[in-house]
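# Architecture at a glance
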Amino acid sequence: MNRYEQMLLENKAWVEEMLEGDPAFFKKLSASQKPEFLWIGCSDSRVSPSEITQTSPGEIFIHRNVANLVVHTDFNLLSVLQYAVEVLEINHVIVCGHYGCGGVHAALTQQSYGMIDIWLRHIKDTYCAHKHEVDTQPNDEARANKLVEINVRQQVRNLAKTTIIQKAWKNRQRPFLHGWVFDMKDGIIRPQMEITPHQPCDDPVYAYDVFKK
Ligand code: CO
């Protein structure tokens, strides 16, 4: 049997298991969604949000891209963010990076991987802005780990710079922004930073006049 055929069988087994636990499971699931969290994570196959947080279908709205970047011209991410914040009214946005991130490792090298180099340029820019902090680490693994942490913090700050977040802070004092790093060597998620709705955008250059509208 092919692996994909096995996946379809596993799906049927899962349906049975869910129905055993709650015969109305799919009726409830299909009625609506009211997730409390937006997860912005890496596409890496080893960092499965629901698995590592033991959350159920309906609990997390998810966006994933290579190296969990928040790029202010990325309409895919911005659409997810706007819908999650303004329509679903989620209370928390979690940016979750991970040690051993291929995207971050690539950004530390001169190697070209094709078109993805353009995407990873955002991490190179972050590296450039924090070069001393990264380069003073004792070895390559520590340098990459440091950049993973800095990258996550940068993406959380990028969220705070959007009018979507600033408007939501003004209107309903939500969402809280969290920066986490998943360590696949021990399975632990390590929180790196948090920005609460009561903190203004830390750089006035990016603070919009959403309060007047
Ligand atoms: Co990654």
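Use the structure listed above.
Reading the values: the criteria
- Residues numbered from 1 in each chain as written.
- Predicted model: local features only at pLDDT ≥ 70, side-chain atom pairs only at ≥ 80, totals over all residues.
- Heavy atoms only, no water.
- Donors = N, O, S within 2.8 Å, 3.2 Å for Na, K, Ca; no water.
- Buried < 20%, exposed > 50% of the residue type's maximum accessible area, 1.4 Å probe, protein only.
- Pairing = 2+ DSSP bridges.
- Helix = DSSP H or I, 4+ residues; strand = E, 2+ residues; numbered from the N terminus.
- Axes fitted to C-alpha atoms, helices over the stretch in contact; angles between N-to-C directions.
- Contact = heavy atoms within 4.5 Å.
- Salt bridge = Lys/Arg side-chain N within 4 Å of Asp/Glu carboxyl O.

## So, the coordination of the cobalt ion
Donor atoms from the polypeptide that coordinate the cobalt ion comprise C42 (SG), H98 (NE2) and C101 (SG), at 2.1 to 2.3 Å from the metal. On the basis of relative accessibility, which here comes to 1%, the residue H98 falls in the buried class.

## Section: the sheet that holds strand 1 (residues 37-42)
Strand order in the open sheet formed by 5 strands is 2-1-3-4-5, and the pairing between neighbours is mixed. The sheet is open, and its two borders are formed by strand 2 (60-65) and strand 5 (188-195), each paired with just one other strand. Ignoring which end each strand starts from, the neighbouring axes of this sheet average 20° apart. Relative to strand 2, strand 1 is paired through 6 bridges, and the arrangement is parallel. The residue bridging I40 from the neighbouring strand is H63, located in strand 2. Sheet strands touched by helix 4 (residues 75-87): strand 1, strand 2 and strand 3 (92-98). Its angle to strand 2, the strand with the most contacts, is close to 170°.

## Side note on the pattern of salt bridges
According to the stated counting rule, one finds 11 salt bridges in the structure shown. For D140, the salt bridge is made with R143, and the minimal N-O distance between the two is 3.5 Å. Taken together, the residues span about one helical turn, with D140 and R143 both in helix 8 (residues 140-160) at a distance of 3 residues. By relative accessible area, which is 57% here, D140 ends up exposed. K185 is the salt-bridge partner of E141, the closest N and O atoms lying 2.6 Å from each other.

## Regarding unusual backbone geometry
A negative phi holds for most residues other than glycine; trans holds for most peptide bonds. That bond from R174 to P175 is cis: its omega, 0°, falls within 30 degrees of zero. With respect to the secondary-structure elements, P175 resides in the loop between helix 9 (163-172) and strand 4 (176-183). In the Ramachandran plot, Q54 falls in the positive-phi region, its phi being about 50° despite a non-glycine side chain. Judged by relative accessible area, Q54 falls into the exposed class, the value being 67%.

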